[in-house]
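Each chain, letter by letter, is given below.
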Amino acid sequence: MSTKPPTRAVRWLNPHEERAWRAFLRVMVAVQTGTARDLATIGLSEPDYEVLSTLSERPAHTSTLGQQADKMGWSRSRLSRHATRMEERGLLRREPDPTDGRGCLLVLTTQGLDALEIAAPAHVESVRRHFIDRLAREDLAALEQIARRLEEPQGDE
């Protein structure tokens, strides 16, 4: 019995598709590098900011580890390790999840909220400088449309 996957015809990218794909990657790298660098100057990483900002929007500034991992597209174990580092810095704390004996809740601390309040204006300015202000209103609308299309489930999922 073979362990090789079934052979299917490869739909190689044509030159236009290849250019578009590579342009998308360059944009992602440029924007993420710029915003990450700007956050680092105030002592936060992009994942730190994502966790803090998400928790700040939740009731009681609390989320389950699983919900947060799903939102970030991370595994629970990866987020758990990151949350440990954030907890050591006083940005959040863990509490037992009363609905799941094996799970935990991530709770934004006062220190974490203070860090977010300091970081938020700098983060917004960074997003503007590296992304928003460099695009026309029509470009932003097109990106929203593209994002909606890419969020739709594919037929084979």
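Residues numbered from 1 in each chain as written. Predicted model: local features only at pLDDT ≥ 70, side-chain atom pairs only at ≥ 80, totals over all residues. Heavy atoms only, no water.

### Comments concerning helix H2 (residues 46-57)
Stage number 1. Helix length check: H2, at 12 residues, gives a terminal C-alpha distance of 17 Å against a target of 16 Å (1.5 Å per residue), a fit within 8%.
Stage number 2. For H2, the complete set of buried residues consists of Asp 48, Tyr 49, Val 51, Leu 52, Ser 53, Thr 54 and Leu 55. (Helix = DSSP H or I, 4+ residues; strand = E, 2+ residues; numbered from the N terminus. Expected span 1.5 Å × (residues − 1). Buried < 20%, exposed > 50% of the residue type's maximum accessible area, 1.4 Å probe, protein only.)

### Considerations on the sheet that holds strand E3 (residues 100-108)
Stage number 1. Spatial ordering of the open sheet is given by E1-E3-E2, a layout of 3 strands whose pairing is antiparallel. Two strands bound the open sheet, and with one partner strand each, they are strand E1 (62-64) and strand E2 (92-97). Pairs of neighbouring strands in the sheet enclose a mean axial angle of 30 degrees, with direction left out of account.
Stage number 2. Pairing analysis gives 6 bridges linking E2 to E3, with the strands arranged antiparallel. Paired with Pro 96 across the two strands is Cys 104, which belongs to E3.
Stage number 3. Packed on one face of the sheet, helix H3 (residues 65-72) meets E1 and E3 and runs near 85 degrees to E1. (Pairing = 2+ DSSP bridges. Axes fitted to C-alpha atoms, helices over the stretch in contact; angles between N-to-C directions. Contact = heavy atoms within 4.5 Å.)

### Things to note about a nonpolar patch on the surface
Stage number 1. Taken together, Leu 13, Trp 21, Phe 24, Leu 25 and Met 28 make up a surface patch of nonpolar side chains, about 460 Å² in accessible area.
Stage number 2. In this structure, Phe 24 sits in helix H1 (residues 15-40).
Stage number 3. In this structure Phe 24 comes out as partly exposed when scored by relative accessible area, which is 41%. (Patch = residues over 30% accessible without salt bridge, like charges linked within 9 Å, V, L, I, M, F, W, Y side chains within 5 Å. Areas by Shrake-Rupley, 256 points an atom, 1.4 Å probe, with all protein chains shown as cover. Salt bridge = Lys/Arg side-chain N within 4 Å of Asp/Glu carboxyl O.)

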